[in-house]
Every structure is written in C-alpha cells, then in structure tokens.
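An overview of the molecular structure
Single-letter residue listing:
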Amino acid sequence: MSNKKVLPFVKWAGGKRQLLDRISERMPKKFNKYYEPFVGGGAVLFMLQPEYAVINDINAALINAYKTIEKEPKCFIECIKEFDLKIIEGSKDYYYLLREHYNDKLMKEEFDTELAALFVFINKHCFNGLYRVNGKGLFNVPYNNSKKESIDVQSIINTSDYLKKITILQGDFESACEGTQEGDFVFFDSPYAPLNPTSFESYTKEGFDVESHERLAKLFDKLTQKGCYCMLTNHNTDFINRLYGNKGYTIDVVNVKRMINSDASKRTGEEVIICNY
C-alpha cells in the first residue's frame, strides 16, 4: 500500500468511484495477489494500491494509456499539456480535429504516446466522459465544451511510479485470471448487463453478450473452487441474480446514481455486490 496521491486518469462508464466505501468494507481482510480483469478507470485499484497486482482490460487504447503512463510519463504529460493549451484557442473545432486524428491512429493501430495522450484528452473533453465507438470501432462522442486541464500532473507521476510495480495485461478477462492461486483476490467490475433483457449493448466494439456473462459466471465459480476470494459488481437484474443466486454467494443490493443516463428520471438504480466469502 502507498500513501501517494493516485487518482483515476480517465472517467469510465460504470466506474466504481461512488461505491468505493461499500466495496472497501466488503473486501477480504487479507489476500495475496490482487487481480482486476476489467480495470476500466481503476478507481478500486488506485484506492487499494496493492503491492502485488495484475490488471487487464480488453480495450487496447485504454491499456495503451496505462502502459504509456507507466513507461513514458514525462512525454505523456508534455503531449497532453500541448493539447490543453490549444483547446483554449480552438475549442469545438480543435476537439473534433483531434477526435478525427485519434480515430485515424486507432484504425492504423498506432498505440503510442500520442494516442495515449489523445485518449485521455478526449475522455476529459467529451460528453459525460463516455467511451463509445460505432460499428467501425470509431470514437464518436461529441464535445462537452470544457476547457479544463486534462490531468493532475503530480497524480500522473505518482500513478507511473505505482504502475511500474504491477503487471498490466490487455485481452480477455478469462486469460487475465490464468495465474490466480488460492488466497488471491479477484475484483470483477464486469460490463453491465442491460436493465432491459432484450437489449444487450456495450461501450466497446468487442461487445459483452449473454454468453460472455455466462462465461464470467462460470469463471467466478471456478475461482471459488480454487480458493480465490472473488467480488463482482453489476446491475441488480433477474439475469445477474439467476447467474449467481443459489450458490451460497453473498449478494448485497446497493443504491447508486447513474449520472451517465441522459434521462434524469433514470439516474438512480440498484446494483449488486456479489462475494464468494
């Protein structure tokens, strides 16, 4: 554990900042290695800052940002500061110019420092910090009219120092858990199951369908049998309760705010925190 200030450097759909207290109080008192197969913005990771950790996400641009901040923090900071200076002058037009440049680099799979800086800059200047791509995999969220700085420089430096100590993977959630052993703690901030069971959508072009949720539930069972401590969060839906109910797991229902919903009447809801211990 570190006492250095480390904050999530991106806002992420389904991020767990508002649930940190309730997650923290339900965590196992002791565990060996920490695994987070759907790291997203890393709110739980950066709260805990475990000494031994493996983080993963399927989003290649997101993981490129983590790895860049780990390896090239100064270049990353310089690049994003340049973007921040120019947004003050160019505003809306400059945002869309950079969004087009980001998508061009994404299609060419140019996972470099500039792409990482673009990724974070666009996240901080797009509507609701929502990472959404179209059918072609192109980022298409509009400008949020913000001209604020994209990063806390000292936090990025501290984040870089911390990330150097842990393992960063990019790929499938199941592969990320291959090294788990008895006594390890696995936190699944899994993609949300839809509130409407007839519509499965995702924030990534890879998608996370019914079969993916079923495969995740089987992995949760498998890790339980292995002796790992597992915690999973998701919407409180019949589908999720069917997958994890009647297995002896603790399923706690908690109230949440869903600020990402454009309909104000749908900005409150329920989530479940599921633990196997």
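Just above sits the structure.
The rules behind these values
- Residues numbered from 1 in each chain as written.
- Predicted model: local features only at pLDDT ≥ 70, side-chain atom pairs only at ≥ 80, totals over all residues.
- Heavy atoms only, no water.
- Pairing = 2+ DSSP bridges.
- Helix = DSSP H or I, 4+ residues; strand = E, 2+ residues; numbered from the N terminus.
- Axes fitted to C-alpha atoms, helices over the stretch in contact; angles between N-to-C directions.
- Contact = heavy atoms within 4.5 Å.
- Core = buried A, V, L, I, M, F, W, Y, C linked by side-chain atoms within 4.5 Å.
- Buried < 20%, exposed > 50% of the residue type's maximum accessible area, 1.4 Å probe, protein only.
- Polar contact = N/O pair within 3.5 Å; in protein donor to acceptor, adjacent residues only side chain to side chain.
- Parallel < 35°, antiparallel > 145°, perpendicular 65-115°, else oblique.
- Nonpolar A, V, L, I, M, F, W, Y, C, P; charged D, E, K, R; others polar.
- Salt bridge = Lys/Arg side-chain N within 4 Å of Asp/Glu carboxyl O.
- Left-handed = near helix turned anticlockwise from the far one by under 90°.

1. Quick notes on the sheet that holds strand 7 (residues 268-275)
- What the 7 strands build is an open sheet, ordered 3-2-1-4-5-7-6; its pairing is mixed. With one partner strand each, in any of the chains shown, strand 3 (167-170) and strand 6 (250-257) form the two edges of the open sheet. In this sheet, neighbouring strand axes are inclined to one another by 15° on average, regardless of whether the strands run parallel or antiparallel.
- Contacts between helix 8 (residues 210-226) and the sheet are confined to strand 4 (185-189), strand 5 (229-235) and strand 7, with strand 5 contributing the most and set at about 155° to the helix.

2. Regarding the nonpolar core
- Tyr66, Phe76, Tyr102 and Phe119 are the most contacted members of the largest nonpolar core, which has 63 residues in total.
- For this core, the element with the highest residue contribution is helix 4 (residues 73-107), accounting for 11 residues.
- Of all hydrophobic cores here, the second largest spans 24 residues; its members include Val54, Ala193, Cys230 and Ile274.

3. Remarks on helix 6 (residues 153-163)
- All of the buried residues in helix 6 are Ser155, Ile156, Asn158, Thr159, Ser160, Tyr162 and Leu163.
- The backbone nitrogen of Gln154 lies 3.2 Å from a side-chain oxygen of the residue at the head of helix 6, namely Asp152.

4. Section: the side chain of Lys105
- Note that Lys105 resides in helix 4.
- Ignoring sequence-local partners within four residues, the contact set of Lys105 consists of Glu110, Asp112, Glu114, Leu115 and Leu118.

5. Side note on the environment of Leu232
- Tracing the chain through its elements places Leu232 in strand 5.
- A relative accessible area of 1% means that Leu232 is categorised as buried.
- Between the C-alpha atom of Leu232 and that of Tyr96, which follows or precedes it by 136 residues, the distance is 36 Å.
- Those residues in contact with Leu232 that sit more than four places away from it in its chain are Phe188, Ser190, Leu216, Phe220, Tyr244, Val272, Ile273 and Ile274.

6. Examining the packing of helix 4 against helix 5 (residues 113-125)
- In contact at an axis separation of 8 Å, helix 4 and helix 5 are set at 90° when each is read in the N-to-C sense. Classified by the angle their axes make, helix 4 and helix 5 are roughly perpendicular.
- For the contact of helix 4 with helix 5, the per-class residue count stands at 19 nonpolar, 3 polar and 4 charged.

7. Here we look at the pattern of salt bridges
- Enumeration according to the criterion identifies 13 salt bridges in this entry.
- Among the salt bridges present, the one from Glu114 reaches Lys105, with a minimum N-O distance of 3.2 Å.
- Given a relative accessible area of 27%, Glu114 falls into the partly exposed group.
- Classification of Lys105 as buried rests on a relative accessible area of 3%.
- In this structure, a network of salt bridges that share partners links the residues Lys105, Glu110, Asp112 and Glu114.

8. Quick word on the packing of helix 4 against helix 6
- Running from N to C, helix 4 and helix 6 point in directions that differ by 150°, and their axes come no closer than 10 Å. Classified by the angle their axes make, helix 4 and helix 6 are roughly antiparallel. Every pair of crossing elements has a handedness; the one defined by helix 4 and helix 6 is right-handed. Residue-level contacts link Pro73, Phe76, Ile77 and Lys81 of helix 4 to Val153, Ile156, Ile157 and Ser160 of helix 6.
- Per-class residue counts for the contact of helix 4 with helix 6 are 6 nonpolar, 1 polar and 1 charged.

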